[in-house]
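# Structural description and commentary
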Amino acid sequence: MRLSIVTSNPGKVAEYQRSFEGYGIEAVHLREPYDEVQSSDLGEVVRKGIGELRSRGLSDFIIDDSGLFIDRLKGFPGVWSAYVQKTIGNDGVLKLMQGAGDRGAEFRCCIGCCIGGRDIVVTGVCRGSILEGGRGAGGFGYDPIFSHDGRRSFAEIPLDEKNGVSHRGVAVRMLIEEMRDLL
Ligand code: ITT
């Protein structure tokens, strides 16, 4: 089976390719822009995205809307994660968190999959914390400042280990469960 990963983010594609390897699914990168509506709900963004791409005749694809939700900042940057990453970046988020006692945060990943005329939407969550400083050269986006175990950042652990615990890894396993009759 072949699934197009519709995203502008090659880091996501690498994670999907590795996750799907063991299931006989070939994940190919497709850069096909779609309108990411402004919403407080990742699921709504994904459902609208699926509808738009399907109306252009696309099938057998995945879209992924993710975000970092920081407890102390009442869920910020959340649905604005892409904008915040592009503007103030990890250093800006670390500044907002300077001196914060509560460093709890979670990554959320909402996957929308359109396959065989069926839509599947699943959301994976990974709890962790915001480190005091950025660490590591792997991964992408907020990976250097997020840790799932309070010790190592997502940018310091191998891709397989990130997939094993991450929001995206959790969502992929939920998706595989939903697609079981197609595999
Ligand atoms: P597409 O919408 O084109 O898929 P994007 O990078 O804009 O790509 P999102 O809107 O889903 O993706 O992501 C919001 C931000 O969160 C963006 O800056 C990402 O780099 C970051 N992000 C998403 N998943 C992440 C992960 O697993 N680790 C670190 N940062 C992540």
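Thresholds, definitions, all that
Residues numbered from 1 in each chain as written. Predicted model: local features only at pLDDT ≥ 70, side-chain atom pairs only at ≥ 80, totals over all residues. Heavy atoms only, no water. Near = heavy atom within 4 Å. Polar contact = N/O pair within 3.5 Å; in protein donor to acceptor, adjacent residues only side chain to side chain. Areas by Shrake-Rupley, 256 points an atom, 1.4 Å probe, with all protein chains shown as cover. Helix = DSSP H or I, 4+ residues; strand = E, 2+ residues; numbered from the N terminus. Nonpolar A, V, L, I, M, F, W, Y, C, P; charged D, E, K, R; others polar. Buried < 20%, exposed > 50% of the residue type's maximum accessible area, 1.4 Å probe, protein only. Contact = heavy atoms within 4.5 Å. Pairing = 2+ DSSP bridges. Axes fitted to C-alpha atoms, helices over the stretch in contact; angles between N-to-C directions.

It is worth spelling out the site of the ligand at this point. Neighbouring the ligand are 19 residues, the closest being T7, S8, K12, E36 and D143. In the model, a nitrogen atom of the ligand is placed 3.0 Å from a nitrogen or oxygen of the Y142 main chain. Measuring from an oxygen atom of the ligand, one finds a side-chain N or O atom of K162 at 2.8 Å. In isolation the ligand offers 600 Å² of accessible surface; the protein chains occlude 91% of this area. Counting only elements with at least two residues in the shell around the ligand, the list comes to β3 (61–70), α3 (81–87) and α6 (167–178). Its residues assigned to classes, the shell around the ligand comprises four nonpolar, eight polar and seven charged.

Take the environment of V170 next. Structurally, V170 can be placed in helix α6. Overall, V170 belongs to the partly exposed group, its relative accessible area being 27%. In this structure, the C-alpha to C-alpha distance between V170 and T123, residues 47 residues apart in sequence, is 8.0 Å. What V170 contacts, discounting residues up to four positions off in sequence, is G124, V125 and V165.

Bringing the sheet that holds strand β5 (residues 118–130) into the picture now. As summarised here, the arrangement of the six strands in space is β2-β1-β3-β4-β5-β6, forming an open sheet in which the pairing is mixed. The strands lining the two open edges of the sheet, one partner per strand, are β2 (26–30) and β6 (146–147). In this structure, strand β1 (residues 2–6) lies alongside β2, joined through five bridges in parallel fashion. Residue pairing in the sheet places S4 in a bridge with V28 of β2. Helix-sheet contacts for helix α2 (residues 42–55) involve β1, β3, β4 (104–115) and β5, and the interaxial angle to β3 is about 160°.

With that settled, consider the pairing of β3. Extensive coverage of β3 is indicated by the burial of ten of its ten residues. Of the two faces of β3, the one lined by F61, I63, D65, G67 and F69 and the one lined by I62, D64, S66, L68 and I70 are each fully buried. Relative to β3, β1 is paired through two bridges, and the arrangement is parallel. Directly across from I5, in β3, lies its bridge partner I62. One ladder, built from ten bridges, connects β3 with β4; its direction is antiparallel. Across the sheet, residue L68 finds its bridge partner in β4, namely F107.

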